[in-house]
Number of protein chains: 2
Amino acid sequence: MIDLYYWPSIPGRGEYVRLVLEAGGLAYRDVARLGEDEGGGLEAMFAFLQGRRGAPVPFAPPFLVDGDLVVSQTALCCAHAAAKGGLLPEREADRTFALSIALTGEDFVREIHDTHHPIAVSLTYENQRPEAARRASDFRDNRLPKFLIWYENLIENNEDAAGWLVGPRMTYVDLGLYQTCRGLAHAFPNAFDRAMGEAPQVGALCRAVAAHPAIAAYRESPRALPFTDGIFRHYDELDPPSAA
Amino acid sequence: MIDLYYWPSIPGRGEYVRLVLEAGGLAYRDVARLGEDEGGGLEAMFAFLQGRRGAPVPFAPPFLVDGDLVVSQTALCCAHAAAKGGLLPEREADRTFALSIALTGEDFVREIHDTHHPIAVSLTYENQRPEAARRASDFRDNRLPKFLIWYENLIENNEDAAGWLVGPRMTYVDLGLYQTCRGLAHAFPNAFDRAMGEAPQVGALCRAVAAHPAIAAYRESPRALPFTDGIFRHYDELDPPSAA
């Protein structure tokens, strides 16, 4: 049994880990979403973050507790679950590159988050709207296409020619790209649609992940939370219908 | 021989990798700083980033090329060099936690960078000064102390009680913390000095790293570049002398 610790009310970064746990068919507990009578709740998460469970102390959620191992940072949690669930690439060089893809994906997610929080995570969106408008404009015009074209080229240049980012079959980094694209379709439907015109293989990859039986079943389950006020947020004013 | 690829004119993120290579006593070439007659220069780096050297294609520097392996993302480059240079922790649980420390350090570095570039990396600082002032204020008051106290607690709670972040001896994550503190002392001398009042063990760790013979020799060498306009930049207006 693997314990996942993450904020209980948003998909957020925890969702990247959940998808790997689900696709890998692993038994896990989503601790902060359990009741306190089951040893869960936010208090159980804070006990770790405040050091009351001893070393090592993660800086922030998500983190996994698997026996004696505490794994923090989203990409490492995903790689750990992937190793247990058969979702790592087989070749060592591919595994190394997959982890760098997962980390670059984290950079992308952070940039997406910062479009609505460019100044401080401790302030609301309403307290940084002009700055968000400037940052989102640069994101739509420069960063979003740059990341999506990089992913498109990885699929295009995959020597196994299988439609995935690395190697001949679906791995955890494909799950990550799928989740990021879901989030972008929610947050920036107009800009994402324009950028995806240049990334048809990213689109095909996302459809293939969505059709994976374990992922399709998860999406229909009550375990899957809707996007609300986490990383991926939609504000009309940050996503105009046409590129001016 | 390991090839490091990074921008030739700034310490930047490449410096984290260089410190591990230097402390590990590894033979390496700093490719973009070599002449084109030695197979170096920026052109050699762009050949990789534009896919002309084939897969895998990193998203951005720094990256390492070591035989058939291409390693990108700063923390992974550091971990790779550390494995070769004897600077990884010995216990598996410590290695896992060390990599999460390295990645959290990357988050910290990104937040430091964004104090002078909160809107877009493609714009100059002068084009985002009001936003930088707001972001730097939150960084000085909230984020800087939060990260430094987390590091302080890691050292404090290290079961080996040795003054390092993980385990009984210096590892690559100690080198990373040292470099980040050097950068902070350059960029935010006033705020850093105030925050370090609460983090005496971080200070002691940094002095111990600086006294390491290979690091001390490196600092005196022409290979070590001064801070200029990379991640760590000093602007008087972003670092007032007293906490108002």
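Residues numbered from 1 in each chain as written. Chains lettered and ligands numbered in written order. Predicted model: local features only at pLDDT ≥ 70, side-chain atom pairs only at ≥ 80, totals over all residues. Heavy atoms only, no water.

Trainee: A description of the nonpolar core should follow, citing residues and the corresponding values.
Mentor: Ranked by size, the top nonpolar core spans 148 residues in total, and within it L165(A), Y172(A), L165(B) and Y172(B) carry the most contacts. Non-local contacts of Y172(A), meaning those with residues more than four positions away in its chain, are made with V20(A), A75(A), C78(A), A79(A), A82(A), L87(A), L88(A), P89(A), A98(A), L99(A) and A102(A). (Core = buried A, V, L, I, M, F, W, Y, C linked by side-chain atoms within 4.5 Å. Buried < 20%, exposed > 50% of the residue type's maximum accessible area, 1.4 Å probe, protein only. Contact = heavy atoms within 4.5 Å.)

Trainee: So what's going on with the relation of the copies chain B and chain A? Residues and values would help.
Mentor: For the pair chain B and chain A, the superposition axis carries a translation of 0.0 Å, the fit reaches an RMSD of 0.0 Å, and the rotation angle comes to 180°. Such values leave the two copies arranged in the relation of a two-fold axis. Of the C-alpha atoms belonging to chain B, the one lying closest to the rotation axis is found on P118(B), 3.0 Å away. The share of interface residues of chain B whose copies in chain A are also at the interface is 100%, consistent with both copies meeting through the same surface. (Least-squares fit on C-alpha atoms with pLDDT ≥ 70 in both.)

Trainee: Could you give me a rundown of the interface of chain B and chain A, with the residues and numbers involved?
Mentor: Facing 43 residues of chain B, the contacting portion of chain A comprises 43 residues. Summed over both sides, the interface between chain B and chain A buries roughly 3600 Å², with carbon and sulfur atoms accounting for 60% of that surface. It is F59(B), I119(B) and R134(B) that lose the most area in chain B upon contact with chain A, and together they represent 20% of the buried surface on that side. Between chain B and chain A we count five salt bridges in total. In this structure, the salt-bridge partner of E131(A) is R134(B), at a minimum N-O distance of 2.7 Å. (Buried area = accessible area lost by both parts, 1.4 Å probe. Salt bridge = Lys/Arg side-chain N within 4 Å of Asp/Glu carboxyl O.)

Trainee: With reference to specific residues and values, describe the pairing of strand β1 (residues 2-5) of chain B.
Mentor: In regular strands, side chains alternate between the two faces of the sheet. All names here are of chain B. With burial as the criterion, each face of β1 is covered, one bearing I2 and L4 and the other bearing D3 and Y5. Pairing of β1 with strand β2 (residues 28-30), which is carried by three bridges, proceeds in the parallel orientation. Residue I2 lies in a different strand from β2, and its bridge partner there is Y28. At this point the chain moves from β1, through helix α1 (residues 14-23), to the parallel β2, and the crossover so formed is right-handed. (Helix = DSSP H or I, 4+ residues; strand = E, 2+ residues; numbered from the N terminus. Pairing = 2+ DSSP bridges. Right-handed = clockwise from strand over helix to strand, strands pointing away.)

Trainee: Residue-level account of the packing of aromatic side chains, with values.
Mentor: As enumerated under the stated definition, the model contains 26 aromatic pairs over all chains in all. Here W150(A) and F59(B) contribute two aromatic rings whose centre-to-centre distance is 5.3 Å and whose plane-to-plane angle is 80°, an arrangement assigned as edge-to-face. In this pair, W150(A) sits in helix α5 (residues 129-156) while F59(B) sits in the loop between α2 (42-49) and β3 (63-66), so the two residues belong to two different chains. For W150(A), a relative accessible area of 8% corresponds to the buried category. Here the aromatic residues F59(A), F108(B), F139(B), F147(B), W150(B), Y151(B) and F188(B) are joined through ring pairs into a cluster of three or more. Over the face of the ring belonging to F59(A) we find K146(B), whose NZ or CZ atom lies 5.2 Å from the ring centre. (Phe/Tyr/Trp six-rings, centres within 6.5 Å; stacked < 30°, edge-to-face > 60°. Lys NZ or Arg CZ within 6 Å of the ring centre and 35° of its normal.)

Honestly, that's just the spatial picture; any functional story needs more than this.
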